[in-house]
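# Analysis of the macromolecular model
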Amino acid sequence: MTDKLGIVTTASLEKGVDVRLDAPVSVEDMVVGRYVTIEGQKRRFFGMITDVRLGVTDERLAVSPPDVNDPFIAEVLSGTSTFGQIHVTPMLTIGGDAKSMLEGPQPVKTIPAHFCAVNLATEDDIERVFGKEDPQRFNIGNPLDMETKLCLNLEEFVKRSNGIFGKSGTGKTFLTRILLIGILQKSKAVNLIFDMHNEYGWQGTSEGGPPVKGLKQLFQSKVAVFTLDEENSRRRGVSTDFVVKIGYDEIEPEDIVLLRQTLNLTEPAVEAVYQLRRRFGKSWLQNVLDIEGGEDTKELLDSMSIHESSFQNLKRGLATIRRLPFIQPHAPVDAVKNILDHLDKGINVVLEFGRYRDITAYVLVANMLARRIYSQYQSRTEKAMAESVAPPNPLVITIEEAHKFLNPEVSSQTIFGTIAREMRKYNVSLLVIDQRPSGIDSEVMSQMGTKITCLLDNERDIDSVLAGVSGKNELKSVLARLAPKQQALIFGHAVPMPVAFQPREYGSAKSYKDFTSAGKSSASTGTGKDIEKLWE
Amino acid sequence: MSPKIAEVIEADTASFVAQCYELYELPPLGALVKTGDIYGIVCHAETAGMEPGRKPIARGRDEASEAAVYESSPQLLKLLRSEFTASAVGYQDGNKIYQYLPPQPARIHGFIYLCQPDEVKEFSKNFGFLNILINAALTAPTEELIAAALRQMSGVQEDSHAFLVAAGKELANLLSNDFIKLKNILGRLKIK
């Protein structure tokens, strides 16, 4: 069977290629997002279908349609006077000579000649472009309507900050789990996951199905679950490795700035925090909470020129923080050190939030821990460079509800804004999960390496995800037509060209086996076999 | 080979006129005929008096049947003659058939034969003649002629439906800017 679809009729590098479909090809089989190859005279082009149209040779045909009930007339006209057309956006090209074959696919700089044949991409084509599953490449799913495995180079992926976007309920969490497993198996990077909804660590929920296994259940030895809420974890039957407590003295003014909106603080109240920090040093929070009303206080505030009402506003806000049970005057163990110890050993850390799912707790804890871990990484990487020793394991920090950290008002102040911008200099990158990408600072968005997006239907969200991508309008039509579930579009640094795909299965016994066995065969070749031999 | 049916009496590059040996023994409209190496498709036929100025007169008032008119006036068979015009649509050179206008027009007094099914089948492997017919200056409407020719040819094919579809597609390409004409031809291709 040949997969020839048709021939190139018009083309422009800017606007893409129009293809007239051959008569036997049904226009209804052509779906936006499918992947095609164009056999040029000197080179092959790879592209994606971005539009499908019907054409007629004579306008009168549309005005006075023929008798379509007559099968003979219908048969004669289809593919001749009436025909299907597809619009293809060429993305990559591969030259015919040996040298360019070795170089592999290059970004497209020219267009195919007239009447070049257009074929559906075969498995080989996909493999040539995206690579085979190997120690660096991880199968993330299948391109739409294809059986081929779509592989992602995770070594490349973790070098930049990345984003996963999509409306609520489109499968972001499942996709993230798959990617986290990939990073865990196929790259040197370790994950730190701020797990707001307790989805990744032990087990997660699936809509209308039984619970699915989390990372810890699949990779016992490589994952540690930390929790802020021991009681809740115990109730859910999760075996946790560490209970995180945060001391008052660990909270810095920057953390409060981030919480300005959620704590409903005024601008002067936030200013006051810095002054109080200068005045009281590390134990400023404890001191502020201890201050009672009275003459002494008034004098103290006057000396720092803090207005009484600002102070009261601040105090109310800080009381909210104090009510969080995991915040204690003195933390018994240094959570940051503990997390870093695990990360150094190559163990991935999932921090569960238990019942404290409100955004105040999440923003506070994630920002605080990430800032301190990042500064550790920064000094260690700098040291490693100076003394030419091995730098720490690359770290990928996963955050949910990212627009709370990365919106234009606060992104310059939070550590996540810094990580997203400074990227991999210090071996730390972000995996951002969000449903409102338009809420994220455009500067941060533009720095993201690879973006994976499930269905989005808000115009602004789509625009912000696709900002700066070539062929934006074409991708837009692909993105807007993704199925509401389990389909996604990936583009950016880690993939040679954008591709719409269906994430691989997650949740069945077989899928778990595939995930765990893939890791064994490539990551620790030999060991598994040796163990098997012992039992023979 | 089938018996000769007519003789060329007038010829030019694009067509030839032939007179039948027997009155009314005309080939059907759209039939494929051959004279020498030249193929033609019957595109016009007429029966009239020998002399241009002398019109036939009605003779049957007292006769019981049409046949009786001819029986009582046997000279009629000699005074009337049937003629047809064929549009030149191709020629044979060696073993190959080319569906182009012939390099030379047909020869006067050349014998004309009706093509046999095998020959029709061989000729209709190609649809180049359709373009010649579309562009020919004809007395009969082009749509009618093309439809008649294709109906005739489809009769000798093993798969006449597939043949008509293929011919229809060719026509659809040729008439891509004239859908009404195409529709008229397609509507006339159905046999049943």
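For clarity, every value in this text was computed on a predicted model and none was experimentally measured.

Cut-offs used in this document
Residues numbered from 1 in each chain as written. Chains lettered and ligands numbered in written order. Predicted model: local features only at pLDDT ≥ 70, side-chain atom pairs only at ≥ 80, totals over all residues. Heavy atoms only, no water. Helix = DSSP H or I, 4+ residues; strand = E, 2+ residues; numbered from the N terminus. Buried < 20%, exposed > 50% of the residue type's maximum accessible area, 1.4 Å probe, protein only. Contact = heavy atoms within 4.5 Å. Areas by Shrake-Rupley, 256 points an atom, 1.4 Å probe, with all protein chains shown as cover. Lys, Arg positive; Asp, Glu negative; His and termini not counted. Charge placed at Lys NZ, Arg CZ, Asp CG, Glu CD. Axes fitted to C-alpha atoms, helices over the stretch in contact; angles between N-to-C directions. Parallel < 35°, antiparallel > 145°, perpendicular 65-115°, else oblique. Left-handed = near helix turned anticlockwise from the far one by under 90°. Salt bridge = Lys/Arg side-chain N within 4 Å of Asp/Glu carboxyl O. Domains from an automatic or database assignment. Pairing = 2+ DSSP bridges. Phe/Tyr/Trp six-rings, centres within 6.5 Å; stacked < 30°, edge-to-face > 60°. pLDDT = per-residue confidence, 0-100. Buried area = accessible area lost by both parts, 1.4 Å probe. Polar contact = N/O pair within 3.5 Å; in protein donor to acceptor, adjacent residues only side chain to side chain. Core = buried A, V, L, I, M, F, W, Y, C linked by side-chain atoms within 4.5 Å. Expected span 1.5 Å × (residues − 1). Arc of directions from axis to C-beta.

This brings us to the overall build of chain B. Secondary structure summary: chain B contains seven helices and seven strands in total. Starting at the N terminus and ending at the C terminus, chain B contains elements arranged as β-β-β-β-α-α-β-β-β-α-α-α-α-α. Expressed as a percentage of its 192 residues, the buried residues of chain B come to 42%. When contacts within chain B are restricted to residue pairs at least 6 apart in sequence, long-range pairs at least 24 apart make up 70% of them. As presented, chain B carries roughly 10,700 Å² of accessible surface, and 50% of it is formed by carbon and sulfur atoms. Averaged over its 19 positive side-chain charges, chain B has a centre that lies 4 Å from the centre of its 23 negative ones.

This brings us to the overall build of chain A. A count of helical and extended segments in chain A gives 23 helices and 23 strands. With respect to the principal axes defined by its C-alpha atoms, chain A has extents near 100 × 70 × 50 Å. Expressed as a percentage of its 536 residues, the buried residues of chain A come to 53%. Here chain A has roughly 23,900 Å² of accessible surface; of this, 50% comes from carbon and sulfur atoms. Computed over 64 positive and 70 negative side-chain charges, the separation of the two mean positions in chain A equals 3 Å.

Here we take up the packing of helix α4 (residues 128–135) of chain B against helix α5 (residues 142–154) of chain B. All names here are of chain B. Running from N to C, α4 and α5 point in directions that differ by 155 degrees, and their axes come no closer than 9 Å. Taken together, α4 and α5 sit at an angle that is classed as roughly antiparallel. Crossing of α4 against α5: the hand is right-handed. Residue-level inspection shows F129, L130, L133 and I134 of α4 in contact with α5, the latter providing T142, L145, I146, L150 and M153.

All names here are of chain A. With the rule as written, the count across this model stands at 37 salt bridges over all chains. Here R44 and E39 are joined by a salt bridge, their closest N and O atoms 3.0 Å apart. One salt bridge in this structure joins D457 and K167, with 2.9 Å as the shortest N-O distance. You can see D457 sitting in the loop between β21 (450–453) and α20 (459–466) and its partner K167 sitting in the loop between β10 (162–165) and α6 (172–186), a full 290 residues away along the chain. Judged by relative accessible area, which is 51%, D457 ranks as exposed. Judged by its relative accessible area of 31%, K167 is partly exposed. A cluster of three or more residues bridged by salt bridges with shared partners is formed by E39, R44, D125 and R128.

Further remarks concern the domain arrangement of chain A. If you check the domain split of chain A, you get domain 1 (4–132), domain 2 (160–202 + 209–245 + 333–445) and domain 3 (248–327). Using C-alpha coordinates to define each centre, domain 1 of chain A is positioned 64 Å away from domain 3 of chain A.

The next point concerns the sheet that holds strand β22 (residues 488–492) of chain A. Strand-to-strand pairing in sheets goes through backbone hydrogen bonds, with the strands running parallel or antiparallel. All names here are of chain A. Taking strand neighbours across the sheet as the criterion, the twelve strands line up as β9-β8-β23-β22-β21-β10-β20-β19-β11-β18-β14-β15 in an open arrangement whose pairing is mixed. Strands at the two margins of the open sheet, each flanked by one partner only, are β9 (150–153) and β15 (242–243). Its contacts with the sheet put helix α18 (residues 415–422) on β11 (190–195), β19 (395–399) and β20 (428–434), and the angle it makes with β20 is roughly 115 degrees.

The next thing to look at is the packing of aromatic side chains. Residue and element names in this part refer to chain A. In the structure shown here, the tally under the stated rule is 14 aromatic pairs over all chains. Between F326 and Y356, the aromatic rings sit 5.2 Å apart at their centres with planes inclined by 55 degrees, giving tilted as the arrangement. Residue F326 is located in the loop between α14 (308–323) and β17 (327–328), and its partner Y356 is located in the loop between β18 (348–352) and α16 (359–387); the two are separated by 30 residues in the primary sequence. Classification of Y356 by relative accessible area gives buried; the value is 12%. Ring geometry for F353 and Y362: centres 4.8 Å apart, planes at 55 degrees, overall tilted. Each of the two residues, F353 as well as Y362, counts as buried.

Averaged over chain A, the pLDDT score is 82; the fraction of residues at 70 or greater is 95%. Low confidence marks residues 521–528 of chain A, where pLDDT is under 50. Its contacts with residues over four positions away, or in another chain, come to five contacts.

On to the packing of helix α11 (residues 267–280) of chain A against α14 of chain A. Packed helix pairs are characterised by how far apart their axes lie and by the angle those axes make with each other. Residues and elements named next belong to chain A. Axis separation between α11 and α14 bottoms out at 8 Å; the angle between their running directions is 85 degrees. Accordingly, the angle class assigned to the pair α11 and α14 is roughly perpendicular. Two secondary-structure elements touch here, α11 through P268, A269, A272, V273 and L276 and α14 through S310, F311, N313 and L314.

A few words on the interface of chain B and chain A. Every contact between the two is made by 17 residues of chain B and, on the other side, 17 residues of chain A. With both sides pooled, the region where chain B packs onto chain A buries about 1,400 Å², and carbon together with sulfur makes up 65% of that total. Looking at the side of chain B facing chain A, the largest losses of area belong to K169, F179 and L186 of chain B, adding up to 39% of the total buried there. The tally of links from chain B across to chain A stands at one salt bridge. Where D178 of chain B meets R60 of chain A, a salt bridge forms, and the shortest distance between an N and an O atom there is 3.7 Å. If you look at where chain B meets chain A, you find six residue pairs in polar contact (both at pLDDT 80 or more).

Residue and element names in this part refer to chain A. Of the two faces of β21, the one lined by T450 and I452 and the one lined by K451 and T453 are each fully buried. Across four bridges, the pairing between β21 and β22 is antiparallel. Bridge assignment links I452 to a residue of β22, and that residue is I490.

Take the nonpolar core next. Grouped together as the largest cluster of nonpolar side chains are 145 residues, with contacts concentrated most on F157, F194, I251, I397 and F416 of chain A. With 13 residues, the top contributor of residues to this core is α16 of chain A. What I397 of chain A contacts, discounting residues up to four positions off in sequence, is L192, F194, A370, F416, I419, V428, S429, L430 and L431 of chain A. One finds V76 of chain A together with Y39, L145 and M153 of chain B within the second-largest nonpolar core, a separate group that totals 37 residues.

This part takes up α14 of chain A. With 16 residues, α14 of chain A should reach 22 Å at 1.5 Å per residue; the first-to-last C-alpha distance of 23 Å fits that figure. Of all the residues in α14 of chain A, the buried ones are S310, F311, N313, L314, K315, G317, L318, A319 and I321 of chain A.

Moving on, we come to the environment of S233 of chain A. Residue and element names in this part refer to chain A. Note on placement: S233 falls in helix α8 (residues 230–235). Sequence separation between S233 and W202 is 31 residues; the distance between their C-alpha atoms is 9.3 Å. Beyond its immediate stretch of four places on either side in the chain, S233 contacts T227, V238, T240 and E352.

What follows is about the environment of L61 of chain A. When you line up the elements, L61 of chain A lands in helix α1 (residues 59–63). In contact with L61 of chain A, other than residues within four places in its own chain, are V56, P66, L77, S81 and T82 of chain A together with F179 of chain B.

Let us now look at helix α13 (residues 295–303) of chain A. All names here are of chain A. Taken residue by residue, α13 has T297, L300 and L301 as its buried positions. The buried residues of α13 occupy an angular sector of 95 degrees when projected down its axis, which confines them to one face. The exposed residues of α13 that point more than 90 degrees off its buried face are E295, E299 and D302. Residues of α13 that are buried in the fold lie against α11 and α14. A positive backbone phi angle near 45 degrees is found at S305, which sits one or two residues after α13.

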